[in-house]
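Secondary and tertiary structure notes
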Number of protein chains: 2
Amino acid sequence: MTSLAKTERLIDQAAADLSPGVAARHAYRAGMAASTAGVANGCVQGNLAILPEKLAGAFHRFCQLNPKPCPIIGMSDVGNPRIPSLGLDLDIRTDVPRYRVWRDGEVVDEPTDIMSYWRDDLVAFVLGCSFSFEEALLDEGLPIRHIEHKVRVPMFRTNIACSPSGPFAGPMVVSMRPFKPADAIRAVQITSRFPSVHGAPVHLGLPGSIGIADITKPDYGDPVPVAADEIPVFWACGVTPQAVISAAKLPFAITHAPGLMLVTDLKNKQLAVL
Amino acid sequence: MTSLAKTERLIDQAAADLSPGVAARHAYRAGMAASTAGVANGCVQGNLAILPEKLAGAFHRFCQLNPKPCPIIGMSDVGNPRIPSLGLDLDIRTDVPRYRVWRDGEVVDEPTDIMSYWRDDLVAFVLGCSFSFEEALLDEGLPIRHIEHKVRVPMFRTNIACSPSGPFAGPMVVSMRPFKPADAIRAVQITSRFPSVHGAPVHLGLPGSIGIADITKPDYGDPVPVAADEIPVFWACGVTPQAVISAAKLPFAITHAPGLMLVTDLKNKQLAVL
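Residues numbered from 1 in each chain as written. Chains lettered and ligands numbered in written order. Predicted model: local features only at pLDDT ≥ 70, side-chain atom pairs only at ≥ 80, totals over all residues. Heavy atoms only, no water.

From N to C terminus, chain A includes 7 helices and 11 strands. For chain A, the C-alpha radius of gyration of 19 Å lies close to 19 Å, the compact-globule estimate for 274 residues. A burial count over chain A gives 53% of its 274 residues as buried. Summing over all exposed atoms, chain A offers an accessible surface of approximately 11,500 Å²; the carbon and sulfur share of this is 56%. (Helix = DSSP H or I, 4+ residues; strand = E, 2+ residues; numbered from the N terminus. Rg over C-alpha atoms; globule rule 2.2 N^0.38 Å. Buried < 20%, exposed > 50% of the residue type's maximum accessible area, 1.4 Å probe, protein only. Areas by Shrake-Rupley, 256 points an atom, 1.4 Å probe, with all protein chains shown as cover.)

Quick look at helix H2 (residues 20-29) of chain B now. Helical periodicity: at 3.6 residues per turn, an α-helix aligns residues three or four positions apart in one direction. Residues and elements named next belong to chain B. For H2, the full list of buried residues reads Gly-21, Val-22, Ala-24, Arg-25, His-26 and Tyr-28. For H2, the side-chain oxygen to backbone nitrogen distance between the N-cap and Gly-21 is 2.9 Å, and the N-cap itself is Ser-19. The first or second residue beyond H2 is Gly-31, which carries a positive phi of 115 degrees. (Polar contact = N/O pair within 3.5 Å; in protein donor to acceptor, adjacent residues only side chain to side chain.)

All names here are of chain A. Note that Val-173 resides in strand S7 (residues 171-179). C-alpha of Val-173 to C-alpha of Leu-274: the two residues are 101 residues apart in sequence and 27 Å apart in space. Once residues within four sequence positions are removed from consideration, Val-173 is found in contact with Met-155, Phe-156, Arg-157, Tyr-220, Trp-235, Ala-236, Cys-237, Val-239, Thr-240 and Ala-243. (Contact = heavy atoms within 4.5 Å.)

For the rest of this paragraph, the subject is the sheet that holds strand S6 (residues 155-161) of chain A. Residues and elements named next belong to chain A. Strand order in the open sheet formed by 4 strands is S6-S7-S9-S8, and the pairing between neighbours is antiparallel. Each edge of the open sheet is held by one strand with a lone partner, namely S6 and strand S8 (203-204). Pairing geometry for S8 and strand S9 (residues 231-236), over 2 bridges, is antiparallel. If you follow His-203 over to S9, its bridge partner there is Phe-234. (Pairing = 2+ DSSP bridges.)

Below, the discussion takes up the relation of the copies chain A and chain B. Each copy superposes on the other: chain A lies on chain B with an RMSD of 0.1 Å after a rotation of 180 degrees and an axial shift of 0.0 Å. What the superposition gives is, in effect, a two-fold axis relating one chain to the other. (Least-squares fit on C-alpha atoms with pLDDT ≥ 70 in both.)

Further remarks concern a nonpolar patch on the surface. On the surface, Val-273 and Leu-274 of chain A together with Val-273 and Leu-274 of chain B cluster together to form a nonpolar patch covering roughly 400 Å² of accessible area. Here Leu-274 of chain B lies in the segment after strand S11 (262-267). (Patch = residues over 30% accessible without salt bridge, like charges linked within 9 Å, V, L, I, M, F, W, Y side chains within 5 Å. Salt bridge = Lys/Arg side-chain N within 4 Å of Asp/Glu carboxyl O.)

So this is what it looks like as structure tokens:
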């Protein structure tokens, strides 16, 4: 090993010691591709959307108009793969475990890096994810059904229309977690503190009112049981922008692969507004 | 009119100008007996419980253990009818529009003042009331069904046991307001800011879970319709301490008459914790 390589390794190790997010990103950068659920506990994970500059303005406005499903926690400059506010060493071209490359609304590749797809006109958006508020719910002792059952959270397309912007339009997708009513009230309070990761629920108790015909049949993720003494509680979901990007049939876009998120150095607790 | 009487009247007028609470209390002090609903908008109204000193400790502890139905916003010293923190001129013996005098669990009198019942060993407790958080809900544009229908709020005995203290024990009484789910979530957020006036709801969506068999048949107050696209939301209610005092069959106690509350000079907005 050269002296330079050794120094680089020592610097890497020091950074990894500083934040579990750094350690995780370095593993993904080296090619590891696995679900980020439970990885780098305490660190914020984000949904990724990368778009050409000429579409980025309309998408940025879409996020502005629909902050509950699309809360922006970080954004790159045009053509710049760095987002230092989310991690000093972060490189958006390599640090996500697996990407989806979209052409005309279809996934054409699922690489572990996008070095060969990167362009000088791309803009990366990182959007908040429910992992952050789930940590806050678990910290207060609230049981989260899909975590207990070791499955993905159930997600549903609703009849709640997002405010459109340019080619970006479509229904809000929501995630569902069942709670006993008193816990549902506590969950509203806890998640209200985290507006940058979807915030308070958008609905609870009456799935039919938001166009969900069968609570046992999610459109994404896995079903979980809702007990007779529980009510379903619905949060705006980061799958919304993915579904909207897919429906827009853009010539070119890149997202993360579902469940394989961007791990940042932000701390979930830092996101609490009070 | 003597010069002294004229001066007193001028002082009264100046105080009434200062706070609509003062004006209201002066009217009740003069003998007016009417519902305080909608009176002195913006001013906190309170539930009243007056007990002999030897029972006051146990009741104070009951409130401490059950802060959601029994949030204390003011308390007199033993034998002292003044509670200056709620109004500099406030006299708890005269300023409530109508009182209930209880002996052995029965109402034996409903006078407009309690000058003849006052004793040197009495302690007055003033407990927060839902009028305060209803103002906050209305201010944010949330519709309140019983106010729209000009009836009393429906209240229900639940199967939620209060934590007992001495002779004070019994089920929590809750008030019910129906809301569309998104408004119910907003109502949780708004009322969470007001812990001293019952705070966040204790339940929502599943009346049967808290022992309410028929939502159309309240135990106190009046029924209101719950639409198919609404869920019932339940808050701890200030009728709880009244019901508990009645059930305790104390030798002697005084409360306000339902709906005829103590009007204070505190402002509802002052009670917000954030």
